[in-house]
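One letter stands for each residue in the lines below.
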Amino acid sequence: MSQKQEEENPAEETGEEKQDTQEKEGILPERAEEAKLKAKYPSLGQKPGGSDFLMKRLQKGVRGTISYPLTLEPKGMGPVEQKYFDSGDYNMAKAKMKNKQLPSAGPDKNLVTGDHIPTPQDLPQRKSSLVTSKLAG
Amino acid sequence: MFLKFSPRAMFYGAGGGNDIQWCFSQVKGAVDDDVAEADIISTVEFNHSGELLATGDKGGRVVIFQQEQENKIQSHSRGEYNVYSTFQSHEPEFDYLKSLEIEEKINKIRWLPQKNAAQFLLSTNDKTIKLWKISERDKRPEGYNLKEEDGRFRDPTTVTTLRVPVFRPMDLMVEASPRRIFANAHTYHINSISINSDYETYLSADDLRINLWHLEITDRSFNIVDIKPANMEELTEVITAAEFHPNSCNTFVYSSSKGTIRLCDMRASALCDRHSKLFEEPEDPSNRSFFSEIISSISDVKFSHSGRYMMTRDYLSVKIWDLNMENRPVETYQVHEYLRSKLCSLYENDCIFDKFECCWNGSDSVVMTGSYNNFFRMFDRNTKRDITLEASRENNKPRTVLKPRKVCASGKRKKDEISVDSLDFNKKILHTAWHPKENIIAVATTNNLYIFQDKVN
């Protein structure tokens, strides 16, 4: 990158170092950070941009087959979504979560798998919050 | 340079971003610190006139605010934004085939230009795009012959005279109804939607593909970009954002996780896998580090209103590109360069993958983007000055001028500066929007929406 582009009018300080110095040291902070990361996770893959990395990104929710050490969660996907074995597993998990959130929950209508034969009416509608957004409040 | 003397610049004030004094106007949302996940704001968008402001959240809800008519008496203040309509746009779904949840989070909202009394917008989650019609009802028919006012039917034999039903005013009701549902066209997660300047078609982009739709047709879409390799092992980059050119209906761009932008012309071929232009800034190979590719990933791309330029946002900077020059951007602005020496921790806490958006002001003279600690930044392209402001309830008296903020990268911290290590990385401003005509901005923190205006004397 050319010097010209990096220069900003220093009149409005944002606390950044003088642009020139920053430019020259620009290489060092990143490399220093890389060294720190490698020190913490020695078996980290060389390139984070490889197909494994991107595959994780595409398949939000898939765990396993990771080239990263166990201490480092698969990266780049944001919150890892849990993959469920099947819809019954999913409904059970949602029911458990719902129980935690609503202390006044009555007999658990959500546990339709396992106890009785479900009918379409029984299947829980996984409604998101029925409450109006607080922005509109 | 010349923009200073253009009529538009005179309207806004010659300096643009920094001669403007930004004032707090309003804040929407709950005060409490305990944020429910559903309340996390995921998109903010003004409509074409700026009268309406839409937000989408993680809970799949859309809230639309409307600017009040300017108060003739208090002509020094612009209209406030109040709730106009709110509805549940998307519901959570479960993909039975893949055993995966489909989040109801609204990824993007895009307004259609207004053609009649009703307003239309497109909203999308990871998989499905919906066209919503928002219409007003302020009259209702009264005086039916065969129905009572409460709806009960009258016995026809009791009717002795006939009358003509008339429309009488009623309290304004704003109704939102889904008019089209565009589903099942994306295997991967939709990151962008963009309406074409022909106002008939739009594109939707996921990680590997871009589809072209007609607004009237929901059962078909054309695939116009497909970067999925035959062998997934060869996958090296994904699509991160896409947008149609504001004036040329045949042109669109898409950005990648490797920091490149491709401009495609739909007249060239049906499948635009071969770009017409490739925008990429050459990198010095000796500067490369483990983080280089991650921080070069473009999180947002936006054309200027003029269509001459486009802006990209990567992790640390905002770049302005001239569509006529592919080999490097014409302007680069550092958003938070002090984070370069924190990349290791930012990688560990996942912040390095945060997707910041960016936006232009109406005259394309100032650009804005968010940062951490509820800071947001503006860069004036003419004066080359920049400013850091904070979205905080501490300054919430209307017409209070916002105080510029400063981050101290290292060394002695001056009074009123905040040190890098004190920044709150959970307070991120990912979504901002600028009114298309006036100096009014909407800034979304995690669960609050702030509206700021320039000081009107």
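Residues numbered from 1 in each chain as written. Chains lettered and ligands numbered in written order. Predicted model: local features only at pLDDT ≥ 70, side-chain atom pairs only at ≥ 80, totals over all residues. Heavy atoms only, no water.

Visitor: Can you walk me through the packing of aromatic side chains in this structure?
Guide: In this description, a pair of aromatic rings is defined by centroid distance and the angle of the planes. Residue and element names in this part refer to chain B. A complete count under the given rule lists 22 aromatic pairs over all chains for this structure. Considering the side-chain rings of Phe 24 and Phe 452, the 6.3 Å spacing of their centres and the 75° angle between planes classify their relative orientation as edge-to-face. Of the two residues, Phe 24 sits in strand β1 (residues 22-28) while Phe 452 sits in strand β32 (residues 449-454), which places them 428 residues apart along the sequence. As far as the burial class goes, Phe 24 and Phe 452 line up, both buried. Between the aromatic rings of Phe 46 and Tyr 81, the centroid separation amounts to 6.0 Å while the plane-to-plane angle is 70°, which identifies the pairing as edge-to-face. Here Phe 46, found in strand β2 (residues 41-46), pairs with Tyr 81, found in strand β5 (residues 81-88); they are 35 residues apart in sequence, far enough to count as distant. Ring pairing ties together the aromatic residues Phe 24, Phe 376, Tyr 450 and Phe 452, which thus form one cluster. Sitting over the ring of Tyr 309, Arg 381 keeps its end group 4.6 Å from the ring centre. (Phe/Tyr/Trp six-rings, centres within 6.5 Å; stacked < 30°, edge-to-face > 60°. Helix = DSSP H or I, 4+ residues; strand = E, 2+ residues; numbered from the N terminus. Buried < 20%, exposed > 50% of the residue type's maximum accessible area, 1.4 Å probe, protein only. Lys NZ or Arg CZ within 6 Å of the ring centre and 35° of its normal.)

Visitor: Can you help me understand the environment of B:Ser42 in this one?
Guide: Residue and element names in this part refer to chain B. With respect to the helices, strands and loops of the structure, Ser 42 is situated in strand β2. Setting aside anything within four residues of it in sequence, one finds Ser 42 in contact with Gly 56, Asp 57, Lys 58, Lys 105, Ile 106, Asn 107 and His 431. Side-chain polar atoms of Ser 42 contact the backbone oxygen of Ile 106, separated by 2.5 Å. (Contact = heavy atoms within 4.5 Å. Polar contact = N/O pair within 3.5 Å; in protein donor to acceptor, adjacent residues only side chain to side chain.)

Visitor: Explanation requested: the sheet that holds strand β23 (residues 331-334) of chain B in the structure shown.
Guide: Residue and element names in this part refer to chain B. Taken together, 4 strands build an open sheet; the order of strands is β20-β21-β22-β23 and the sheet is antiparallel. Each end of this open sheet is capped by a strand with a single partner; those strands are β20 (300-303) and β23. Neighbouring strand axes in the sheet, compared pairwise and without regard to direction, differ in orientation by 15° on average. (Pairing = 2+ DSSP bridges. Axes fitted to C-alpha atoms, helices over the stretch in contact; angles between N-to-C directions.)

Visitor: Just checking my understanding: could you explain the pairing of strand β16 (residues 239-244) of chain B for this structure?
Guide: In regular strands, side chains alternate between the two faces of the sheet. Residue and element names in this part refer to chain B. Burial of β16 is extensive: 6 of the 6 residues sit out of reach of the surface. The pairing of β16 with strand β17 (residues 251-256) spans 5 bridges and is antiparallel. Within the sheet, the bridge partner assigned to Ala 242 lies in β17 and is Tyr 254.

Visitor: Would you explain the confidence of the model for chain B in this entry?
Guide: One rule of thumb: low pLDDT means the predicted coordinates there are not for detailed reading. Residue and element names in this part refer to chain B. Across chain B, the average pLDDT comes to 91, with 94% of residues at or above 70. Taken as a whole, residues 1-17 scores under 50 in pLDDT and shows 24 contacts with residues more than four places along the chain or in a different chain. Interface predicted TM-score (ipTM) for the complex: 0.75; the corresponding pTM is 0.82. (pLDDT = per-residue confidence, 0-100.)

Visitor: When you look at the confidence of the model for chain A in this model, what are you seeing that I'm missing?
Guide: Residues and elements named next belong to chain A. Per-residue pLDDT for chain A averages 59, and the proportion of residues at 70 or more is 31%. Considering each helix and strand of chain A separately, the mean pLDDT is smallest for helix α1 (residues 3-6), with a value of 42, and largest for helix α3 (residues 27-40), with 84. Here residues 1-26 scores under 50 on pLDDT; set against residues more than four positions off or in separate chains, the count is 48 contacts. In the model, residues 61-74 has pLDDT below 50 throughout and makes 23 contacts with residues more than four positions away in sequence or in other chains.

Visitor: Quick question: what am I supposed to make of the nonpolar core here?
Guide: Generally speaking, soluble globular proteins have nonpolar side chains that are buried together. With 35 residues, the main nonpolar core has A:Leu37, B:Tyr315, B:Leu339, B:Leu346, B:Tyr347, B:Ile352 and B:Leu423 as its most contacted residues. Mapped onto this core, the elements with two or more residues apiece are α4 (51-58) of chain A together with α2 (292-296) and α3 (343-348) of chain B. In contact with B:Leu346, not counting residues within four places along its chain, are B:Tyr315, B:Leu339, B:Cys351, B:Ile352 and B:Phe425. Judged by nonpolar contacts, the second largest core, of 18 residues, contains B:Ile20, B:Met368, B:Ala391 and B:Leu402. (Core = buried A, V, L, I, M, F, W, Y, C linked by side-chain atoms within 4.5 Å.)

Visitor: Would you mind showing me how to read the pattern of salt bridges here?
Guide: A full pass over the atoms with the stated rule returns 36 salt bridges over all chains. A salt bridge links B:Lys139 to B:Asp138, with the shortest nitrogen-to-oxygen separation between them at 3.3 Å. Classification of B:Lys139 as partly exposed rests on a relative accessible area of 46%. Under the relative-accessibility criterion, B:Asp138 is labelled partly exposed at 34%. With a closest N to O distance of 2.9 Å, B:Arg381 and B:Glu331 form a salt bridge. Remark: B:Glu331 occurs in strand β23 and B:Arg381 occurs in the loop between β26 (375-380) and β27 (386-390); sequence separation between them is 50 residues. Given a relative accessible area of 10%, B:Arg381 falls into the buried group. Overlapping salt bridges, with partners in common, bring together A:Lys134, B:Asp39, B:Asp57 and B:Arg61 in one network. (Salt bridge = Lys/Arg side-chain N within 4 Å of Asp/Glu carboxyl O.)

Visitor: Quick question: what am I supposed to make of the environment of B:Lys127 here?
Guide: Residue and element names in this part refer to chain B. Residue placement: Lys 127 occurs in the loop between β9 (119-124) and β10 (129-142). Of the residues examined, Lys 127 reaches a relative accessible area of 15% and is grouped as buried. Once the C-alpha coordinates of Lys 127 and Ser 422 are considered, the two residues, 295 residues apart in sequence, prove to be 38 Å apart. In contact with Lys 127, other than residues within four places in its own chain, are Lys 98, Ile 102, Phe 182, Asn 184, His 186, Thr 187, Tyr 188, His 189 and Ile 190. Here the side chain of Lys 127 touches Thr 187 through a polar contact of 2.5 Å, landing on its backbone oxygen.

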